[in-house]
Amino acid sequence: MTRRSVILGTGSYLPERIITNHELSETLDTSHDWIIERTGISARHIAAPGEYTSDLGLIAAQRALEASGLEPQDVDMIILATSTPDHTFPQSAARIQAKLGVTQGFAFDQAAVCSGFVFALATADAYLKQGMAKTALVIGSETMSRILNWNDRTTAVLFGDGAGAVVLQAQEQATRGIIGSLLRTDGSGYDDLYVNGGPSSTQTTGTIQMKGPEVFRNAVTRLGEAVQDILKIHGIAQEEIDWLVPHQANKRIIDATAKKLGLPDSKVIHTGETQANTSAASIPLALDQAVRDGRIKQGDLILCEAFAGGYAWGSNLIRM
Ligand code: ACO
């Protein structure tokens, strides 16, 4: 008998405003050609003034609930993966809970930057298997535009805003659901990618600082391990993977991971070109897009992976 956390629905939301590489190069010493060649990004969505992380997450959550056929009152756990909460506290997940009209269970934020969704999915799975909750909303939502230095070409071109969500339900004797997760942190990389502000340090929000080439090297190596190790742990062959649903930081990083798995590009979900790096939102955004356009179907075996500041990285293996 297997109790598994089964994905019943997915949803996502992107803000209306789109900023292309060409528009960015009007104010920044950069070019469309440089950005597309080094990252695969050509545009990003940016939240409107007054549009918060919780607003984006709420819409993604509503869409995921609608797809699942469940009602807000069925939800008894909400985990919001974000590094850009509306306020320092309380948790933005509480705001989403209230706006959805959920009055039971619990809601909290989880921060692991770009690996936030992988970590939140693993957390939700553990809680559901323990019986601490029955039905979970796991949301990745970010307004990365609010922590960018728009005059810094080395970071401003890389990120975007957005949200994605899944509804998970604990089911007994399930033949599908989350098979397992692998989470890793190496805090010795803390200074390679960080935001130079915070309540305890500067009492300001700060902006993203990154040693790009250092992060790139670490991402390629550690993601290769994260995807191969999780398959080994669960006795699954590379050929059994139907879809790689990666965090969308950089197309070159994704290509390197797919190559390690021997996966053709036709089995990789790419959204980075039009969405850039939406941090914790990028995996559920990619998942929702591929579910809605019919590529990912019930029964497919999918592998999610992400690498982030911290360093924090990991993977989830899921039978849809
Ligand atoms: N436009 C034009 N030129 C640029 C730009 C730009 N936007 N940005 C940097 N350059 C210049 C640099 O100044 C440098 O110029 P120089 O040679 O005259 O000094 C040159 O381009 C090369 O710079 P590098 O940083 O070496 O370029 P690289 O090929 O490494 O690409 C990039 C940079 C795209 C940032 C890459 O390092 C990368 O993707 N790193 C990983 C980023 C990542 O994955 N972040 C995800 C984690 S996100 C999270 O956790 C929040």
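Residues numbered from 1 in each chain as written. Predicted model: local features only at pLDDT ≥ 70, side-chain atom pairs only at ≥ 80, totals over all residues. Heavy atoms only, no water.

Quick look at helix H4 (residues 92–100)
In step 1: Taken together, the buried positions of H4 are occupied by Ser92, Ala93, Ile96, Gln97 and Leu100. For H4, the angular spread of the buried residues around the axis is 150°, confining them to a single face.
In step 2: Taken from the residues just after H4, Gly101 is the one with a positive phi, measuring 85°. (Buried < 20%, exposed > 50% of the residue type's maximum accessible area, 1.4 Å probe, protein only. Helix = DSSP H or I, 4+ residues; strand = E, 2+ residues; numbered from the N terminus. Arc of directions from axis to C-beta.)

Concerning the nonpolar core
In step 1: One finds Leu303 and Leu317 to be the most contacted residues of the largest nonpolar core, which totals 40 residues.
In step 2: Sorting the residues of this core by element identifies strand E8 (177–185), helix H7 (212–233), helix H8 (251–261), strand E12 (301–308) and strand E13 (312–319) as the ones contributing at least two each.
In step 3: Here this core gets 7 residues from one element, more than from any other, and that element is H7.
In step 4: Residue assignment places this core across two domains, with domain 1 (3–172) and domain 2 (177–319) each supplying three or more. (Core = buried A, V, L, I, M, F, W, Y, C linked by side-chain atoms within 4.5 Å. Domains from an automatic or database assignment.)

Structural notes on the side chain of Thr10
In step 1: In this fold, Thr10 is placed in strand E1 (residues 4–13).
In step 2: Side chain to side chain, Thr10 and Asp288 meet in a polar contact 2.6 Å long.
In step 3: Not counting chain neighbours up to four residues away, the residues in contact with Thr10 comprise Arg63, Ala64, Ala67, Ala165, Val166, Leu287, Asp288, Val291 and Arg292. (Polar contact = N/O pair within 3.5 Å; in protein donor to acceptor, adjacent residues only side chain to side chain. Contact = heavy atoms within 4.5 Å.)

So, the pattern of salt bridges
In step 1: The tally for this structure, following the rule as stated, stands at 12 salt bridges.
In step 2: For the salt bridge of Glu23 with Arg17, the shortest nitrogen-to-oxygen distance reads 2.7 Å.
In step 3: For Glu23, a relative accessible area of 27% puts it in the partly exposed group.
In step 4: Between Lys251 and Asp255 there is a salt bridge, with the nearest N and O atoms lying 3.0 Å from each other. Residue Lys251 and its partner Asp255 are both found in helix H8; the two are separated by 4 residues, about one turn of the helix.
In step 5: By relative accessible area, which is 35% here, Lys251 ends up partly exposed.
In step 6: Under the relative-accessibility criterion, Asp255 is labelled partly exposed at 31%. (Salt bridge = Lys/Arg side-chain N within 4 Å of Asp/Glu carboxyl O.)

With respect to the sheet that holds strand E7 (residues 161–171)
Hydrogen bonding along the main chain pairs the strands of a sheet, whether they run parallel or antiparallel.
In step 1: Read across the sheet, 5 strands follow the order E1-E7-E6-E4-E5 without closing on themselves; strand pairing throughout is mixed. With partners counted over all chains shown, the strands left at the sheet margins are E1 and strand E5 (106–110), one partner each. The average undirected angle you get between the axes of adjacent strands in this sheet is 20°.
In step 2: Bridge analysis of strand E4 (residues 77–81) against E5 gives 5 bridges, and the strand direction is parallel. In the strand pairing of E5, Leu80 is matched with Asp109.
In step 3: This element, helix H3 (residues 53–68), spans E1, strand E6 (135–143) and E7 of the sheet and lies at about 125° to E1.
In step 4: The sheet strands contacting helix H10 (residues 282–292) are E1, E6 and E7, and the helix crosses E1 at an angle near 90°. (Pairing = 2+ DSSP bridges. Axes fitted to C-alpha atoms, helices over the stretch in contact; angles between N-to-C directions.)

A look at the domain arrangement of the protein chain
A common way to report how large an interface is uses the accessible area buried once the components associate.
In step 1: Under the domain assignment used here, the protein chain contains domain 1 (3–172) and domain 2 (177–319).
In step 2: Each of domain 1 and domain 2 has a C-alpha centre, and these two points are 14 Å apart.
In step 3: In this assembly, domain 1 packs against domain 2 so that about 3800 Å² is buried in total across both faces, 65% of it on carbon and sulfur atoms.
In step 4: Three residues stand out in domain 1 for area buried against domain 2, namely Cys114, Val118 and Ile147, and they jointly supply 17% of the buried area on that side.
In step 5: Inspection of the domain 1/domain 2 interface yields 0 salt bridges.
In step 6: Applying the counting criterion to the domain 1 and domain 2 interface returns 20 residue pairs in polar contact (both at pLDDT 80 or more).
In step 7: Those elements that provide at least two residues to the side of domain 1 that touches domain 2 are E1, helix H2 (32–39), strand E3 (43–46), H3, helix H5 (116–130), E6, helix H6 (153–156) and E7.
In step 8: Considered class by class, the residues forming the side of domain 1 that touches domain 2 number 26 nonpolar, 20 polar and 10 charged. (Buried area = accessible area lost by both parts, 1.4 Å probe. Nonpolar A, V, L, I, M, F, W, Y, C, P; charged D, E, K, R; others polar.)

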